[in-house]
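# A look at the structure
What follows is the residue order along each chain.
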Amino acid sequence: MAEEQKKNGKNKEKEHPGRYKSELFNWGESLISVLIFFVIVFIFFVRLVGVDGSSMYPTLEDHNVMLTSNWGYVPERGDIVVLNKESFWNGMPIVKRIIAVGGDEINIDFEAGKVWVNDELLDEPYIAEPTHKQEDMEFPQVVPEGCVFVMGDNRNGSTDSRNLLLGMVDERYILGHVLTIAYPFEKIGAL
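Summary of the structure given here.

Glancing now at the overall build of the protein chain. What the protein chain contains, in helices and strands, is two helices and eleven strands. Each helix (α) and strand (β) of the protein chain, taken in turn from the N terminus, gives the series α-α-β-β-β-β-β-β-β-β-β-β-β. The buried share of the protein chain, taken over its 191 residues, is 38%. Here the analysis covers contacts within the protein chain between residues at least 6 apart in sequence; of these, 59% occur between residues at least 24 apart. In the form shown here, the protein chain has an accessible surface area of approximately 12100 Å², with 56% of it arising from carbon and sulfur atoms.

As a further point, take the packing of aromatic side chains. Under the definition given, this model contains five aromatic pairs. Relative to Trp-71, the ring of Phe-45 has its centre 4.7 Å away and its plane inclined at 65 degrees; by these criteria the two rings are edge-to-face. With Phe-45 in the loop between helix 2 (19-44) and strand 1 (46-50) and Trp-71 in the loop between strand 2 (65-69) and strand 3 (80-83), this pair connects stretches of sequence that are 26 residues apart. On the basis of relative accessible area, Phe-45 is assigned to the partly exposed category, the value being 32%. One aromatic cluster is present, formed by Phe-110, Phe-139 and Phe-149 through successive ring pairs. Of note, Arg-97 hangs over the ring of Tyr-126, and the distance from its end group to the ring centre comes to 3.7 Å.

With that settled, the discussion passes to unusual backbone geometry. Leaving glycine aside, a negative phi is the common case for residues, and trans is the common case for peptide bonds. The linkage connecting Tyr-57 with the following residue, Pro-58, adopts the cis geometry, with an omega of 10 degrees. Assignment of secondary structure puts Pro-58 in the loop between strand 1 and strand 2. The amide bond that connects Phe-139 to the next residue, Pro-140, takes the cis arrangement and shows omega of 5 degrees. Its location among the elements puts Pro-140 in the loop between strand 7 (120-121) and strand 8 (141-142). Positioned with a positive phi, Asn-118 is a non-glycine residue whose angle comes to about 55 degrees. By the element assignment, Asn-118 lies in the loop between strand 6 (114-117) and strand 7. Asn-118 gets classed as partly exposed once you look at its relative accessible area, which sits at 33%. Its identity as a non-glycine residue notwithstanding, Asp-119 has a phi of 65 degrees, on the positive side. Among the structural elements, Asp-119 can be located in the loop between strand 6 and strand 7.

A separate point is the nonpolar core. Ile-99, Ile-106, Ile-108, Phe-139 and Phe-149 are the most contacted members of the largest nonpolar core, which has 14 residues in total. Only strand 4 (94-101), strand 5 (105-109), strand 6 and strand 9 (147-151) provide two or more residues apiece to this core. For this core, the element with the most residues is strand 9, which contributes three residues. Membership of the second largest hydrophobic core comes to twelve residues, among which are Phe-88, Val-148, Leu-166 and Val-169.

Take Asp-79: it is sitting in the loop between strand 2 and strand 3. The contacts of Asp-79, once residues within four sequence positions are left out, are Tyr-73, Val-74, Lys-96, Arg-97 and Ile-98.

Cut-offs applied
Residues numbered from 1 in each chain as written. Predicted model: local features only at pLDDT ≥ 70, side-chain atom pairs only at ≥ 80, totals over all residues. Heavy atoms only, no water. Helix = DSSP H or I, 4+ residues; strand = E, 2+ residues; numbered from the N terminus. Buried < 20%, exposed > 50% of the residue type's maximum accessible area, 1.4 Å probe, protein only. Contact = heavy atoms within 4.5 Å. Areas by Shrake-Rupley, 256 points an atom, 1.4 Å probe, with all protein chains shown as cover. Phe/Tyr/Trp six-rings, centres within 6.5 Å; stacked < 30°, edge-to-face > 60°. Lys NZ or Arg CZ within 6 Å of the ring centre and 35° of its normal. Core = buried A, V, L, I, M, F, W, Y, C linked by side-chain atoms within 4.5 Å.

Have a look at this one:
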């Protein structure tokens, strides 16, 4: 009888491990699952990208961090994108707004500070000031198919497609479009 009680006591101990060990294992398992999920999401679907400079002011400020994605992305006018062209800015990623896409005609009147796409004056409430800075590109221009024309929102403080070093940007150089501001926290979601 005593032997049966010893066996039953040992079986109960084996069936019910200590509460602390069981919960610790469950927490660890959950933490690893969440970590794997975030690694997969950030490798294949989204990226965090920091803003360096003031060319997108007032929409984006220096040191803002943005959440970007290229998953199934098709460039459209007005989108804010992160792009990388080796011949421009030492091949570092830059942030600009798409003003025109392939097949669009763009024209800029630098004296009046106005931008037209396909003979329609753009309504640009997001810019810091009218576009007076002229670079080395002549206008009007037709954007080649598969390319985009980009400019910073701080038009007179931005080097962008108006400069032939960047010029028309092949869509393949677009790393992603901006989904939202991720940092600073008080600006999350603002765009």
